[in-house]
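Geometric and topological summary
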Amino acid sequence: MSSLHDVQDPTVVDGGVLASLIDVSPAEFAEAYWARRPLVTRARPGGFGDLFGSDAVDELVSRRGLRTPFLRVAKDGATLRESTFTAPAGVGASIGDQLDDTALWRHLADGATLVLQALHRTWAPVNDLCARLGADLGHPVQANAYITPPQNRGFSDHYDVHDVFVLQVEGSKRWIIHEPVHPDPLRNQPWTDRRPAVEHAARGEAALDTVLEPGDVLYLPRGWLHAAEAQGAVSIHLTLGIHIWTRYAVAEQLLQAALQSLQADPEMRATLPMGPLEVEAEAERVRERLTAALAEADPAPALQRVQRSQTRPGPLGPLAQLAALETLSESTPLRLRPALDARLVDHSLTSRVGAVPVEEADLEAVERLLSGRVGTAGELGLDLARTLLRAGVVVPG
């Protein structure tokens, strides 16, 4: 498999980040494992030390001034109160919910698991990994880190409502996995709604009982029951959560589009007759109108807005952006901002940062930019480069 440096290199091909995390081809993964069953990949060469590790944990906890909910603490299946590990941070930083490194050290020493949440927003290498894996999968990706003392587990048997890739960074952790009690749960169907069934299933024979060592990767579809326990040393692993898009989500947007169109239908806005409600007759009348509206509804615009809102574009440094504008020349290196979901629609370049009108004369240059064939402002055209720099669509570098 590829090394970690390959994961962070945008020139990597052959399946991108996904191919570097699994020991089967992306095509086989899509056919045999995706949303179907777990997959364990052993001993990724080089491990994940240059992606994350104990030094990164200490940096984030003790020096970054993180606030809740960027960290939570769990022990014996329960999440501890935030007030037990937060405090003001002194002069000039008196906000009361910042992480208290002394309290966190004591919790860790007492066997608690530290969970660094939304790590894709606080640690640059993980941000890059999540953005590229999300592009490979077509589903948004976020990341948490779990730091568990030896012979301890932070959470009891449960299932997640999203798929995960578990990347073992340091130490080792035993994973006990059972088949779903509720396959393919939606986001509003957490395991706590089925607690008795989960507890009963967890007492049965495991579908998979394995120990992850540094460099190992576990893919786990949503709904699969799991519990994990650190072994002989502190365990650090990354969980990359894949926030799955479903046909139910498409149905939600289709229904919303249909209901929006019914607002323009005078009969749907009309007051019901006085007297007892003729339920069957009125329901049939509404059903006919709704069926026709569903047939004509286009959920794509609303669905695209929701999809874009759930993934942030790549980082943009305001000062670097300003410097690029002030010193712009034909040789200034420019690139399309990562994770922008940019596309050319008619004469508009639409993306997660809005829409930019494109003149007829610039269409070809924009198409070359989107295909990755633009590297300098001169190749793009100075006027267009200025416009796209100001819009946050391109960044220097």
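Below, the structure is looked at part by part. The structure displayed is predicted, hence computed values, not measured ones.

Rules and cut-offs
- Numbering of residues starts from 1 in every chain and runs along the sequence as written.
- For a predicted model such as this one, the threshold for reporting local features is a pLDDT of at least 70, and the threshold for listing and counting side-chain atom pairs is 80 or more; totals across whole chains, interfaces and linings nevertheless cover every residue.
- Hydrogens and water are ignored here; the side-chain numbers use all heavy atoms of the structure.
- For two strands to be treated as a pair, DSSP must find no fewer than two bridges joining them.
- Helix and strand labels come from DSSP, where a helix needs a run of H or I of at least four residues and a strand needs a run of E of at least two; each type is numbered from the N terminus.
- Axis geometry follows a simple rule: fit a line to the C-alpha atoms, using only the stretch in contact for helices, then measure angles between N-to-C directions, giving values from 0 to 180 degrees.
- Crossing handedness: left-handed means the near helix sits turned counterclockwise from the far one by under a right angle, and right-handed means the same turn made clockwise.
- The contact definition used throughout considers only heavy atoms, calling two residues in contact when any of these lie within 4.5 Å.
- The nonpolar class holds Ala, Val, Leu, Ile, Met, Phe, Trp, Tyr, Cys and Pro. Asp, Glu, Lys and Arg form the charged class, and all remaining residues, Gly among them, are polar.
- Here the nonpolar core consists of buried residues drawn from Ala, Val, Leu, Ile, Met, Phe, Trp, Tyr and Cys, with membership extended through side-chain atoms lying within 4.5 Å.
- Classification of residues uses two cut-offs on accessible area relative to the type maximum, computed with a 1.4 Å probe and protein chains only: under 20% is buried, over 50% is exposed, and between them is partly exposed.
- Definition used for salt bridges: Asp or Glu carboxyl oxygen within 4 Å of a side-chain nitrogen of Lys or Arg.
- In what follows, roughly perpendicular refers to angles from 65 to 115 degrees, roughly parallel to angles under 35, roughly antiparallel to angles over 145, and oblique to any angle outside these ranges.

Considering the sheet that holds strand β10 (residues 208-212)
- Taken in spatial order, the three strands make up an open sheet running β10-β9-β12, and their pairing is antiparallel. This sheet does not close on itself; its edge strands, each paired only once, are β10 and β12 (225-230). Shown here is a sheet whose adjacent strand axes are inclined to one another by a mean of 20°, direction ignored.
- When strand β9 (residues 173-178) meets β12, the two strands line up antiparallel, connected through six bridges. Counted as the bridge partner of arginine 174 is glutamate 229 from β12.

A look at the sheet that holds strand β6 (residues 113-116)
- Strand order in the open sheet formed by eight strands is β1-β11-β8-β13-β7-β6-β2-β3, with antiparallel pairing between adjacent strands. With one partner strand each, in any of the chains shown, β1 (39-41) and β3 (78-79) form the two edges of the open sheet.
- In this sheet, strand β13 (residues 235-242) lies alongside strand β8 (residues 163-170) in antiparallel orientation, the contact comprising seven bridges. Bridge pairing links glutamate 170 to isoleucine 236 in β13.

Quick word on the environment of valine 161
- In this fold, valine 161 is placed in the loop between β7 (141-148) and β8.
- C-alpha of valine 161 to C-alpha of isoleucine 244: the two residues are 83 residues apart in sequence and 8.5 Å apart in space.

Topic: the packing of helix α8 (residues 247-262) against helix α10 (residues 279-296)
- The geometry of α8 relative to α10 is characterised by a closest axis approach of 8 Å and an angle of 115° between their N-to-C directions. Of the two possible hands of crossing, α8 and α10 adopt the one that is right-handed. The segment α8 lies against α10, with Leu254, Leu255, Ala258, Leu259, Ser261 and Leu262 engaging Arg289, Leu290, Ala293 and Leu294.
- Residues belonging to the contact of α8 with α10 are distributed by class as follows: eight nonpolar, one polar and one charged.

Overview of the nonpolar core
- Counting 47 residues, the largest nonpolar core has Phe52, Leu116 and Phe165 as its most contacted members.
- For this core, the element with the highest residue contribution is helix α6 (residues 124-137), accounting for five residues.
- In this structure, Leu349, Leu369, Leu384 and Val393 belong to the second largest nonpolar core, which totals 21 residues.

Some words on the pairing of β7
- Within β7, eight of the eight residues are buried, which leaves the element mostly enclosed by the surrounding structure.
- The side-chain alternation of β7 yields two buried faces, one formed by Val141, Ala143, Ala145 and Ile147 and the other by Gln142, Asn144, Tyr146 and Thr148.
- Looking at chain direction, β6 and β7 are connected through three bridges and run antiparallel. Bridge pairing links valine 115 to tyrosine 146 in β7.

So, the pattern of salt bridges
- Counting across every chain of the model gives 13 salt bridges.
- One salt bridge connects aspartate 110 with lysine 75, and the closest N-O pair in it is separated by 2.9 Å. Of this pair, aspartate 110 sits in the loop between α5 (101-109) and β6 while lysine 75 sits in strand β2 (residues 71-75), placing them 35 residues apart in sequence.
- Accessibility expressed as a relative area gives 24% for lysine 75, which makes it partly exposed.
- The partner of aspartate 157 in a salt bridge is arginine 153, and the shortest N-O contact between them spans 3.9 Å.
- Through salt bridges with shared partners, one network takes in Asp265, Glu267, Glu282, Arg285 and Arg289.

Brief notes about the packing of α8 against helix α11 (residues 300-309)
- For the pair α8 and α11, the least separation of the axes is 8 Å and the interaxial angle reads 125°. In this view, α8 runs oblique relative to α11, as classed from their interaxial angle. Relative to α11, the crossing made by α8 is right-handed. On α11, the residues that touch Ala249, Val250 and Gln253 of α8 are Ala302, Leu303 and Val306.
- Split into classes, the residues belonging to the contact of α8 with α11 amount to five nonpolar, one polar and no charged.

Everything listed here is a matter of geometry and, on its own, says nothing about what the molecule does.
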